[in-house]
Amino acid sequence: MVMSKDVEKIRAQLEDLGYDTAVRDSGQGMVVEFDYKVETGTKCGDSFRIGISMHKGVYPEYPPHWIHVSPPVSDGLAGGVKPYQTGDGQEWVAMSRPPSDLWDGLPLPKKDMKNYLEGHMRRFWSRI
């Protein structure tokens, strides 16, 4: 499997944070996935399989755009939601939830997976 430099950077940063990752082709691009324990919102304490993927641009200048979740959840927003199933039958939902408002204000050294998870992912789950 050929990974882009962007995907490889995301994967390496997540592994540096202690996550065991896997990379798969979603048919619309490469997804870095890992087990994630929710820290906020109504799902606090629950674990999900999470995937993140790019839409366009170069990481870390541009943040990951898509959040993939299995089993699927809803954050109540109608736009940018794509349910799908992997070849092994696992149900997923991909949601277009770019963190531009948070990411754009960060200096380049802070544009990393640690800040993505602490800022954007926590905010995402707080809305569910």
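Above: the structure in question.
To keep things clear, this report deals only with the structure shown in the data block. Within each chain, residues carry numbers counting from 1 in the order of the written sequence. Since the coordinates come from a predicted model, pLDDT governs what is reported: local features require at least 70, and pairs of side-chain atoms require 80 or more to be given and counted, while whole-chain, interface and lining totals use all residues. Side-chain numbers here rest on the full set of heavy atoms in the structure, without hydrogens or water.

### Considerations on the overall build of the protein
Thinking step 1. Within the protein one finds 3 helices and 6 strands.
Thinking step 2. In this description a helix means any DSSP run of H or I spanning at least four residues, a strand means any run of E spanning at least two, and both kinds are numbered starting from the N terminus. Taken from N to C terminus, the helices and strands of the protein fall in the order α-β-β-β-β-β-β-α-α.
Thinking step 3. On C-alpha atoms alone, the protein measures out to a radius of gyration of 14 Å, which is about the 14 Å that the 2.2 N^0.38 rule sets for 128 residues.
Thinking step 4. Each of the three principal axes of the protein carries a C-alpha extent, and together these read 35 × 35 × 30 Å.
Thinking step 5. Taking the contacts inside the protein whose residues are at least 6 apart along the sequence as the reference set, 45% of them involve residues at least 24 apart. Each radius of gyration is computed over the set of C-alpha atoms, and the globule rule expresses the reference value as 2.2 Å times the number of residues to the power 0.38. Should any heavy atoms of two residues lie within 4.5 Å, those residues are counted as being in contact.

### So, the environment of aspartate 6
Thinking step 1. By secondary structure assignment, the location of aspartate 6 is in helix H1 (residues 5-16).
Thinking step 2. For each residue, the accessible area found with a 1.4 Å probe, counting protein chains only, is set against the maximum for its type, and the residue is called buried under 20%, exposed over 50%, and partly exposed in between. Aspartate 6 gets classed as buried once you look at its relative accessible area, which sits at 16%.
Thinking step 3. The sequence separation of aspartate 6 and glutamate 91 amounts to 85 residues, and the corresponding C-alpha distance is 25 Å.
Thinking step 4. Those residues in contact with aspartate 6, other than ones at most four positions away along the chain, are Met54, Gly57, Val58 and Tyr59.

### Thoughts on the nonpolar core
Thinking step 1. Throughout this description, the term nonpolar core refers to a set of buried Ala, Val, Leu, Ile, Met, Phe, Trp, Tyr and Cys residues connected via side-chain atoms within 4.5 Å. One finds Ile50, Val69, Met121 and Trp125 to be the most contacted residues of the largest nonpolar core, which totals 27 residues.
Thinking step 2. Mapped onto this core, the elements with two or more residues apiece are H1, strand E2 (30-37), strand E3 (47-53), strand E4 (66-70), strand E6 (91-96) and helix H3 (113-126).
Thinking step 3. In terms of residue count, the dominant contributor to this core is H3 (6 residues).
Thinking step 4. Residue contacts for valine 69: discarding those within four places in its chain leaves Phe48, Arg49, Ile50, Glu91, Trp92, Val93, Met95, Phe124 and Trp125.

### Observations concerning the packing of aromatic side chains
Here a ring pair, both rings aromatic, is described through the centre-centre distance and the interplanar angle of the planes.
Thinking step 1. Classification of ring pairs uses Phe, Tyr and Trp, with its six-membered ring standing for Trp, and accepts pairs whose centres are within 6.5 Å; under 30 degrees between planes counts as stacked, over 60 as edge-to-face, and the remaining range as tilted. Per the counting criterion, the structure on display carries 8 aromatic pairs.
Thinking step 2. The interplanar angle of 85 degrees and the centroid separation of 5.3 Å between the aromatic rings of phenylalanine 124 and tryptophan 125 together place this pair among those described as edge-to-face. Of the two residues examined, phenylalanine 124 and tryptophan 125, each falls in the buried class.
Thinking step 3. Here the aromatic cluster, defined as three or more aromatic residues joined through ring pairs, consists of Tyr19, Phe34, Tyr36, Phe48, Phe124 and Trp125.
Thinking step 4. Whether a charge lies above a ring is judged from NZ of Lys or CZ of Arg, which has to be within 6 Å of the ring centre and within 35 degrees of the ring normal. Over the aromatic face of tryptophan 92 sits the side chain of arginine 24, whose NZ or CZ is 4.4 Å from the ring centroid.

### Some remarks on the pattern of salt bridges
Thinking step 1. For this document, the term salt bridge refers to a Lys or Arg side-chain nitrogen within 4 Å of an Asp or Glu carboxyl oxygen. Within this structure, the stated rule accounts for 9 salt bridges.
Thinking step 2. Between glutamate 33 and arginine 49 there is a salt bridge, with its nearest N and O atoms 2.9 Å apart. Taken together, the residues glutamate 33 in strand E2 and arginine 49 in strand E3 connect sequence positions 16 residues apart. Of the two residues, glutamate 33 and arginine 49, neither departs from the other in class, the shared state being buried.
Thinking step 3. Between lysine 114 and glutamate 118 there is a salt bridge, with its nearest N and O atoms 3.0 Å apart. Placement of the pair is lysine 114 and glutamate 118 together in helix H3, with a separation of 4 residues, close to one helical turn.
Thinking step 4. Its relative accessible area of 40% is what places lysine 114 among the partly exposed residues.

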